[in-house]
Amino acid sequence: MSLSLEQTLRQRLAERQSLNRYRERPIVQSPQSPDIRVNGQRLTAFCSNDYLGLANHPKVIEAFQQAANRYGVGSGASHLVCGHSDEHHKLEKELADFTGRERALLFSTGYMANLGAVNALIGRGDAVFEDRLNHASLLDAGLLSGARFQRFRHNDVAHLREQLQASDARHKLIVVDGVFSMDGDLAPLPELAQLTQEFDAWLMVDDAHGLGCLGATGAGCLEHFCLNEEQVPILMGTLGKAFGSFGAFVAGSETLIESLIQFARPYIYTTALPPAVAAATRAALRLVREEGERREHLQNLVQRFRAGAQSLGLELWPSVSAIQPIIVGDDARALRLTEALRRRGFWISAIRPPTVPEGTARLRVTLSAAHTEAQVDGLLEALVESWREVEGA
Ligand SMILES: *Cc1c(COP(=O)(O)O)cnc(C)c1O
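These figures come from a predicted structure and were not determined experimentally. (Residues numbered from 1 in each chain as written. Predicted model: local features only at pLDDT ≥ 70, side-chain atom pairs only at ≥ 80, totals over all residues. Heavy atoms only, no water.)

### Remarks on the site of the ligand
- The ligand sits among 14 residues. The nearest are Gly110, Tyr111, Asp206, His209 and Lys241.
- Within the side chain of Asp206, a nitrogen or oxygen atom sits 2.5 Å from a nitrogen atom of the ligand.
- It is helix H5 (residues 110-121) that provides the largest number of residues to the shell around the ligand, a total of three residues.
- Within the shell around the ligand, the residues separate by chemical class into two nonpolar, nine polar and three charged. (Near = heavy atom within 4 Å. Polar contact = N/O pair within 3.5 Å; in protein donor to acceptor, adjacent residues only side chain to side chain. Helix = DSSP H or I, 4+ residues; strand = E, 2+ residues; numbered from the N terminus. Nonpolar A, V, L, I, M, F, W, Y, C, P; charged D, E, K, R; others polar.)

Structure (structure tokens):
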């Protein structure tokens, strides 16, 4: 006898609950900020991707309001019909300039940019090589493409080399996160760029967590490693993280961008972002470029957190980015730790499988230029107390 839809779903939900993997959505009642109001409680948040503290910046808000007065809210249609506004166009030019590339193309979300770019570039008869810890949107993009989908061990260049050597695919695309979203470590981009030369492969980097934060001018991982467009022809970035806004883009050559406009379905068949979102992002980009002190402060906080955590004996990942996970292992224990931290006034999210591999549940601590040193010190203290409490339980 077949189960009804309701019965089937209820079973699946119960199973997820029993695994301590049930996901919930805390309700936020204030702007994004280290001082956040959530479920009626004031907490100090260390879980947002608003790395530079721009999501609630007065200049970004003002740009958004002014553009809404001028352009209204909805963009009305896709970019190819009548939704491509002046604000979108100017933002694309400024992003191209920021990343030092000929052109940039806006997408509505990072998820769509990844699906769109990968699927416009490869298909059946090709092969795509992805780090095992790549963001879900990149893995989905590779699977959807119909190309032979190969995953290599995290940051293992030798493993990737073996896979490339054995491949007889027509086109080979290597795709990685620049900064791994749940781990905070960087991909070995210079070595990967070297491999692409050796094997006539193409390299795409998703720099969702590097742009704005890494590199002397905030231009991200490629600036950090001094890599040019020839070495990394396809650069993807998101605008909802360090830029404090919403949306995403791909930057590269004139030919790449024109190809995406013609062939990237998640670009073509969707409504353009509201023009006011593009205007707000332009204001955020100006702040990223003009206020390097935000990046410096963030880097200082990263150093302070790591030094403090190490002296307290907490197990850290080798990360230079704003993402500083503390590996816990067990799912239920990770949940108990976040609960103990919440009681001490701190909000940190427990990241569990399937978002991360089995047995590597973690507290994903993220730092922001909006945090103070005192808040970081307070977190370290609360971490130690919470650890003791949970261990003793
Ligand atoms: C957040 C993220 C995305 C998705 O971007 P959205 O704009 O939130 O859809 C893609 N890749 C990575 C590495 C991310 O962290």
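That shown, we press on.
### Some details on the layout of surface pockets
- Approximately 1,700 Å³ is the volume found for the largest pocket.
- Arg23, Ser349, Ala350, Ile351 and Arg352 are, among the 49 residues lining the largest pocket, the residues nearest its centre.
- With four residues, helix H14 (residues 331-343) is the single largest residue contributor to the lining of the largest pocket.
- In terms of residue class, the lining of the largest pocket is built from 20 nonpolar, 14 polar and 15 charged.
- In this structure, the second largest pocket encloses a volume near 150 Å³.
- Lining the second largest pocket are 14 residues, and of these Gln32, Ser33, Pro34, Asp50 and Ser368 sit closest to its centre.
- Split into classes, the residues belonging to the lining of the second largest pocket amount to five nonpolar, eight polar and one charged. (1 Å grid on protein atoms, 1.4 Å probe; cavity = no way out; pocket = protein on both sides within 12 Å on 5 of 7 lines; lining within 4 Å. Points joined across faces, edges and corners; volume = space filled by probe spheres on them.)

### Looking at the packing of aromatic side chains
- Using the criterion set out here, one finds three aromatic pairs in the structure.
- Measuring from ring centre to ring centre gives 6.2 Å for Phe46 and Phe346, while their planes differ by 35°; the resulting arrangement is tilted. One end of the pair, Phe46, is in the loop between strand E2 (41-45) and helix H2 (58-71); the other, Phe346, is in strand E11 (residues 346-347), and 300 residues separate them in sequence.
- Exposure remark for Phe46: the relative accessible area of 0% places this residue in the buried category.
- Ring plane angle 90° and centroid distance 6.2 Å describe the contact between Phe98 and Phe243, whose orientation is recorded as edge-to-face. (Phe/Tyr/Trp six-rings, centres within 6.5 Å; stacked < 30°, edge-to-face > 60°. Buried < 20%, exposed > 50% of the residue type's maximum accessible area, 1.4 Å probe, protein only.)

### Here we look at the environment of Arg148
- Within the fold, Arg148 resides in strand E5 (residues 148-152).
- With a relative accessible area of 56%, Arg148 lands in the exposed category.
- Residues Arg148 and Gly125, 23 residues apart in the sequence, show an inter-C-alpha distance of 7.3 Å.
- Here Arg148 is in contact with Asp126, Ala127 and Val128, once residues within four sequence places are set aside. (Contact = heavy atoms within 4.5 Å.)

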